[in-house]
Amino acid sequence: MSEPTRFALMASGKGSNARALLQAWGTEILPKELIAFVGIVSDQPEALALQLGAEYNIDATCIARTGFTRQDHEMRILQHLKNIGVEHLILAGYMRLLSPFFLEQFPGKIINIHPSLLPEYPGLHAIERQYEAGVRITGATVHYVDAGMDTGDIILQNSITMTGDENLEQFQKRIQCEVEHVIYPQAVRIFIEQCANTCAKNLSTKS
Ligand code: GRF
């Protein structure tokens, strides 16, 4: 049997999506034979996501931005990912766009979650902007990461209908708990299967 694919999670904030993925790890949807979470990387020393490392017994490393150019910061992250043997990346609230150079190191191997029904409301503050606009049908989207802002191919999305009575906090909580935390593990499973198919196709065209 082949080895599990090695993933790292990248997060800048509270890490509720990273937690949802780690909670699903070892269940039927993300079995340990298929996937190994080998690290959590943050650019923010205060990120609560880093605390998940101790809980799940995996490496959790902060590579802070302060004092580094964007390029140097990315080089440090890439070196760390190489050291811990990461093959695929999951962005879970990582709040910095990755450069084309960084993306080239993981072609088709980075995914992200965004709190809207893309292509609606890409970019920062998507929840606040939807709330202000009175959006009633919203949701979340998991997509491949390309050099644009939330523009990569969609893997999975699901919607939720707001009552219109939610305050901003409830609006955000419903998107996160009822959609994001449910679809992210499902999307990671699809992602692994798509990667396995691509690898199989590449092998058969080479032989
Ligand atoms: C999520 O809403 C995600 O869609 C966006 O950033 C937020 C991260 O939240 N990319 P958390 O840190 O996972 O709780």
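Up top is the structure these notes are about.
A short tour of the structure in this document, coming up. Per chain, residue numbering runs from 1 following the sequence as it is written. Local features in this predicted model are restricted to residues whose pLDDT is 70 or higher, and side-chain atom pairs enter the listing and the counts only when it is 80 or higher, whereas totals over whole chains, interfaces and linings include all residues. Note that water and hydrogens are dropped before the side-chain values are worked out from all heavy atoms of the structure.

What to know about the pattern of salt bridges
If the charged atoms of two oppositely charged side chains come close together, the side chains can form a pair. Where we set the bar: The working definition used for a salt bridge is a side-chain nitrogen of Lys or Arg within 4 Å of a carboxyl oxygen of Asp or Glu. Numbering of helices and strands starts at the N terminus; helices are DSSP runs of H or I of at least 4 residues and strands are runs of E of at least 2. Under the scheme applied here, a residue whose accessible area is under 20% of the maximum for its type counts as buried, over 50% as exposed, and between as partly exposed, the area being computed with a 1.4 Å probe on protein chains only.
Throughout the structure, instances matching the rule amount to five salt bridges. As a salt-bridge pair, R189 and E193 come within 2.7 Å of each other at their nearest N and O atoms. With R189 and E193 both in helix α6 (residues 168-206) and four residues apart, the pair spans about one turn of that helix. When its relative accessible area of 23% is taken as the criterion, R189 is described as partly exposed. Here E193 falls in the partly exposed class, since its relative accessible area comes to 39%. Three or more residues are tied together by salt bridges with common partners; here these are E166, R174 and E178.

A word on unusual backbone geometry
At the junction of L118 and P119, the peptide bond is cis and its omega measures out at 10° in the coordinates. By the secondary structure assignment, P119 is in the loop between β5 (110-114) and α5 (126-133). Here the phi dihedral of N57 falls at roughly 60°; this positive angle occurs in a residue that is not glycine. Examined against the element boundaries, N57 turns out to sit in the loop between α2 (52-56) and β3 (59-62). A positive phi is found at D150, a non-glycine position, where the angle reads about 60°. Topologically, D150 is positioned in the loop between β6 (137-144) and β7 (154-161).

So, the site of the ligand
Worth spelling out the cut-off: Only a single heavy atom is needed: when it lies within 4 Å of a molecule or strand, its residue is near that molecule or strand. In the analysis that follows, any N or O atom pair within 3.5 Å is treated as a polar contact, provided that within protein one partner can donate a hydrogen and the other can accept it, and provided that, for residues neighboring in sequence, both atoms belong to side chains. Note on areas: Shrake-Rupley, 1.4 Å probe, and residue coverage restricted to the protein chains presented here. In this analysis the probe radius is 1.4 Å and the grid spacing 1 Å, with only protein atoms considered; a cavity is a set of points the probe fits into but cannot get out of, a pocket is an open set with protein on both sides within 12 Å along at least five of seven lines, and lining residues have an atom within 4 Å of a point. Occupancy of a cavity or pocket is assigned to a molecule whenever over half of its atoms lie within 2 Å of that pocket's grid points. Basically, the charged four are Asp, Glu, Lys and Arg, the nonpolar ten are Ala, Val, Leu, Ile, Met, Phe, Trp, Tyr, Cys and Pro, and anything else, Gly included, counts as polar.
Around the ligand, the neighbouring residues are K14, G15, S16, N17, G93, I113, H114, P115, Q176 and E180. One of the side-chain N or O atoms of Q176 is found 3.1 Å from an oxygen atom in the ligand. E180 has a polar side-chain atom sitting 2.3 Å from an oxygen atom of the ligand. Bound to the protein, the ligand loses 87% of the 370 Å² it would expose on its own. Here the ligand is seated within the largest pocket. Looking at the shell around the ligand, the elements that each hand over two or more residues are α1 (16-24), β5 and α6. For the shell around the ligand, the residue count by class is two nonpolar, six polar and two charged.

Overview of the pairing of β5
We apply this condition: Only strands that DSSP links by at least two bridges are regarded as paired with each other.
Judged by how many residues are buried, β5 sits mostly within the fold: five of five residues are covered. Neither face of β5 is open: one carries I110, N112 and H114, the other I111 and I113, and all of them are buried. Two elements, strand β4 (residues 88-91) and β5, share three bridges in a ladder whose sense is parallel. When the bridges of β5 are listed, L91 appears paired with N112. In this structure, β5 lies alongside β6, joined through four bridges in antiparallel fashion. Considered in β6, the bridge of H114 is made with T141.

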